[in-house]
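Structural features, examined
Here is how the chains run, residue by residue.
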Amino acid sequence: MEKQTADIGELLRKGCAILELEIREEAFALLERYYQELQHWSRKINLIGKKQSSLLIIENHFLDSLILLPYLGKDNCVLLDVGSGAGFPGLVCKSALPQCRLVLVEPRLKRVSFLGHIIRTLKLDNVKVFPDRLESISPETLSCTHITSRAVAEIEQFIQMVEPYLDDSAEILCMKGPKWREELERAMATIDKLQLTLENVDEFLLPYNKAERAVLTFRRRLSR
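Residues numbered from 1 in each chain as written. Predicted model: local features only at pLDDT ≥ 70, side-chain atom pairs only at ≥ 80, totals over all residues. Heavy atoms only, no water.

As enumerated under the stated definition, the model contains one cavity of 30 Å³ or more in all. Counted as a void, the largest cavity has a volume near 50 Å³. Looking at the largest cavity, the residues that line it are S149, R150, A151, V152, A153, F158, L173, C174, M175 and K176. Elements supplying a minimum of two residues to the lining of the largest cavity: β4 (146-150) and β5 (171-176). Considering every element that reaches the lining of the largest cavity, the biggest residue donor is β5, with four residues. In terms of residue class, the lining of the largest cavity is made up of seven nonpolar, one polar and two charged. (1 Å grid on protein atoms, 1.4 Å probe; cavity = no way out; pocket = protein on both sides within 12 Å on 5 of 7 lines; lining within 4 Å. Points joined across faces, edges and corners; volume = space filled by probe spheres on them. Helix = DSSP H or I, 4+ residues; strand = E, 2+ residues; numbered from the N terminus. Nonpolar A, V, L, I, M, F, W, Y, C, P; charged D, E, K, R; others polar.)

Here the focus is unusual backbone geometry. With an omega of 5°, the peptide bond between F88 and P89 qualifies as cis. With respect to the secondary-structure elements, P89 resides in the loop between β1 (78-82) and α4 (90-96). Despite not being glycine, E20 has its phi angle at roughly 60°, a positive value. Topologically, E20 is positioned in the loop between α1 (5-18) and α2 (25-42). Unlike most non-glycine residues, N126 shows phi in positive territory, near 55°. Looking at the element boundaries, N126 is found in the loop between α5 (109-121) and β3 (127-130).

On to the pairing of strand β2 (residues 101-105). Burial runs high along β2: four of the five residues are buried. Here β1 pairs with β2 via five bridges, running parallel. Pairing of V78 across the sheet is with R101, part of β2. Chirality of the crossover, the property in question, places the unit of β1, α4 and β2 among those that are right-handed. The pairing of β2 with β3 spans four bridges and is classified as parallel. (Buried < 20%, exposed > 50% of the residue type's maximum accessible area, 1.4 Å probe, protein only. Pairing = 2+ DSSP bridges. Right-handed = clockwise from strand over helix to strand, strands pointing away.)

This paragraph deals with the pattern of salt bridges. Counting across every chain of the model gives 17 salt bridges. R219 serves as the salt-bridge partner of E171, at 3.0 Å between the closest nitrogen and oxygen. Within this pair, whereas E171 is found in strand β5, its partner R219 is found in strand β7 (residues 212-220), the two being separated by 48 residues in sequence. Assessed through its relative accessible area of 11%, E171 is described here as buried. Residue class for R219 comes out buried when judged on its relative accessible area of 18%. (Salt bridge = Lys/Arg side-chain N within 4 Å of Asp/Glu carboxyl O.)

Side chains three or four residues apart in an α-helix point the same way, a direct result of the helix having 3.6 residues per turn. The end-to-end C-alpha distance of α2 is 26 Å, a good match for the 26 Å that 18 residues give at a rise of 1.5 Å each. Every buried residue of α2 is listed here: A27, F28, L31, E32, Y34, Y35, Q36, E37, L38, Q39, W41 and S42. (Expected span 1.5 Å × (residues − 1).)

Structurally, V82 can be placed in strand β1. Classification of V82 by relative accessible area gives buried; the value is 4%. Spatially, the C-alpha atom of V82 lies 6.8 Å from that of E106, the residues being 24 residues apart in sequence. Not counting the four nearest positions on each side in its chain, V82 is found in contact with V105, L134, I147, T148, S149, V152, F158, M161 and V162. (Contact = heavy atoms within 4.5 Å.)

Listed below in structure tokens is the structure:
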């Protein structure tokens, strides 16, 4: 294992400070352990791609996930993470925000095994994992305040996928890169058809490589 536990902690702390994210100290220990387990498991199964530096992993997976924290601060938060993969963003946010309940949907069984391992290792409670595709799960079995995903689909396809699981008070949080404007333009007709409204767009720069990120918040359109 790399000799970098202190370095990983420093990368996380500095990155969160630059992003102006307030995270409790205990969460950094959980995230460092998460990173170690991710590195160990990645030697056996492809979780995040090969030959990524520690800095890239922390920035592109952990810090990129933590950007969602300000959107999840409600006491009754229930986050539905579709296509969670190795737990980004859902399990990372749960590690930093223990009061948030979490539902992970991931059809690939090797990744499901990793998710279960992280949940047990970090002793996270109020986490449910569905080893299936979202469209195979009845909307009646899922209730959430926020729905998100990373890199599963373009905006148009994603909002079509999750709309049946969206109640009147829930939000869709689309995590996108620098091409979000083009995706949004292609999605406008579908947004209108599904009677959704784009409530907010927040743009970010990741702290180390200055990569562009955006979070787009959608809700059901309110009846007048």
